[in-house]
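# Observations on chain architecture
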Amino acid sequence: MVLRRLFTRWMFPAAFVLPLWLFVGWIAFSGGSAWALLWVFIAVPSVFVTQLVLALLTRARASVRTLGVMSGKDVALFGAWHLVIVALGLFDGRAFVPLLLLSVAGALGLFWWTLTALWREARDGTVAVLRTTDGTGYIPPTREQPRSRPRIDGEVIVVPEGRRDV
């Protein structure tokens, strides 16, 4: 549970740290290759936007919002994708293309996974318990129920409004 909570908190800083690692990795390991620099200018914004969107989609799920932790499968999938990005930042010529393809496939797979998990939870009608500023929990109303008219048994007297002739 602690690892899942830490990983949930890591999601938004990862949107900044992972692209920064790719830039630092280019400086430290690529030797100033012009092709690698072109790739870095494409990869840094791509990783930033993808990580940010995936983090927002994951945090949008009711289970993650209420419990404050991601599922174990989320942690495994995001952890594997983050490791591929870190390995990609080492700019090893022998493994660069397979790692690049694996990172793109991982991003697409994670996008699909987070969308289906969000859809599944929204469809199941998972009830979310929200908290007020003082910590009191409450279940928000789902939708307003139409009010039914009171049933009147017996005689009804109708008094019309308007002019009276006396």
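Predicted model only: the values in this text are computed from it and were never measured.

## Side note on the nonpolar core
Buried together is how nonpolar side chains tend to be arranged in soluble globular proteins. In this structure, Trp39, Met70, Phe78, Trp81 and Phe91 are the most contacted members of the largest nonpolar core, which totals 27 residues. Counting residues per element, the ones that place at least two in this core are helix H1 (2-29), helix H2 (34-59), helix H4 (72-88) and helix H5 (96-124). Sorting elements by how many residues they give to this core places H2 first, with seven residues. The contacts of Trp81, once residues within four sequence positions are left out, are Thr50, Gln51, Leu54, Ser103, Gly106, Ala107 and Leu110.

## Comments concerning the layout of surface pockets
In this structure, the largest pocket spans a volume of roughly 280 Å³. Lining the largest pocket are 18 residues, with Ser46, Val47, Thr50, Val104 and Ala107 sitting closest to its centre. Looking at the lining of the largest pocket, the elements with two or more residues in it are H2, H4 and H5. In terms of residue count, H2 provides more of the lining of the largest pocket than any other element does, eight residues in total. A per-class count over the lining of the largest pocket returns 15 nonpolar, three polar and no charged.

## Digging into the environment of Ile85
Mapped onto the fold, Ile85 is located in helix H4. Using a relative accessible area of 2% as the deciding quantity, one classes Ile85 as buried. In sequence terms Ile85 and Leu18 are 67 residues apart; their C-alpha atoms lie 7.2 Å from each other.

## Considering the pattern of salt bridges
In this structure the tally under the stated criterion is three salt bridges. Across the pair Glu121 and Arg61 runs a salt bridge whose closest N-O atoms are separated by 3.4 Å. Within this pair, whereas Glu121 is found in helix H5, its partner Arg61 is found in the loop between H2 and helix H3 (62-67), the two being separated by 60 residues in sequence. Here Glu121 falls in the buried class, since its relative accessible area comes to 18%. A salt bridge links Asp92 to Arg94, with the nearest nitrogen and oxygen atoms 3.3 Å apart. The structure contains a network of salt bridges with shared partners spanning Arg61, Asp74 and Glu121.

## Quick notes on the packing of aromatic side chains
Taken as a whole, this structure holds six aromatic pairs when the rule is applied. Judged by centre distance (6.3 Å) and plane angle (65°), the rings of Trp21 and Phe29 are edge-to-face. With 5.8 Å between their ring centres and 15° between their planes, Phe91 and Phe96 make a pair best called stacked. Phe96 carries the same exposure label as Phe91, and that label is buried.

## Topic: the environment of Ala14
Summarising the element assignment, Ala14 is placed in helix H1. On the basis of relative accessible area, Ala14 is assigned to the buried category, the value being 0%. Measuring from C-alpha to C-alpha, the distance between Ala14 and Val47 comes to 9.5 Å, with 33 residues separating the pair along the chain. Once residues lying within four places of it in the same chain are set aside, the contact partners of Ala14 are Pro19, Gln51 and His82.

Reading the values: rules and limits
- Residues numbered from 1 in each chain as written.
- Predicted model: local features only at pLDDT ≥ 70, side-chain atom pairs only at ≥ 80, totals over all residues.
- Heavy atoms only, no water.
- Core = buried A, V, L, I, M, F, W, Y, C linked by side-chain atoms within 4.5 Å.
- Buried < 20%, exposed > 50% of the residue type's maximum accessible area, 1.4 Å probe, protein only.
- Helix = DSSP H or I, 4+ residues; strand = E, 2+ residues; numbered from the N terminus.
- Contact = heavy atoms within 4.5 Å.
- 1 Å grid on protein atoms, 1.4 Å probe; cavity = no way out; pocket = protein on both sides within 12 Å on 5 of 7 lines; lining within 4 Å.
- Points joined across faces, edges and corners; volume = space filled by probe spheres on them.
- Nonpolar A, V, L, I, M, F, W, Y, C, P; charged D, E, K, R; others polar.
- Salt bridge = Lys/Arg side-chain N within 4 Å of Asp/Glu carboxyl O.
- Phe/Tyr/Trp six-rings, centres within 6.5 Å; stacked < 30°, edge-to-face > 60°.

Functional significance is not addressed by these values, which are geometric in nature.
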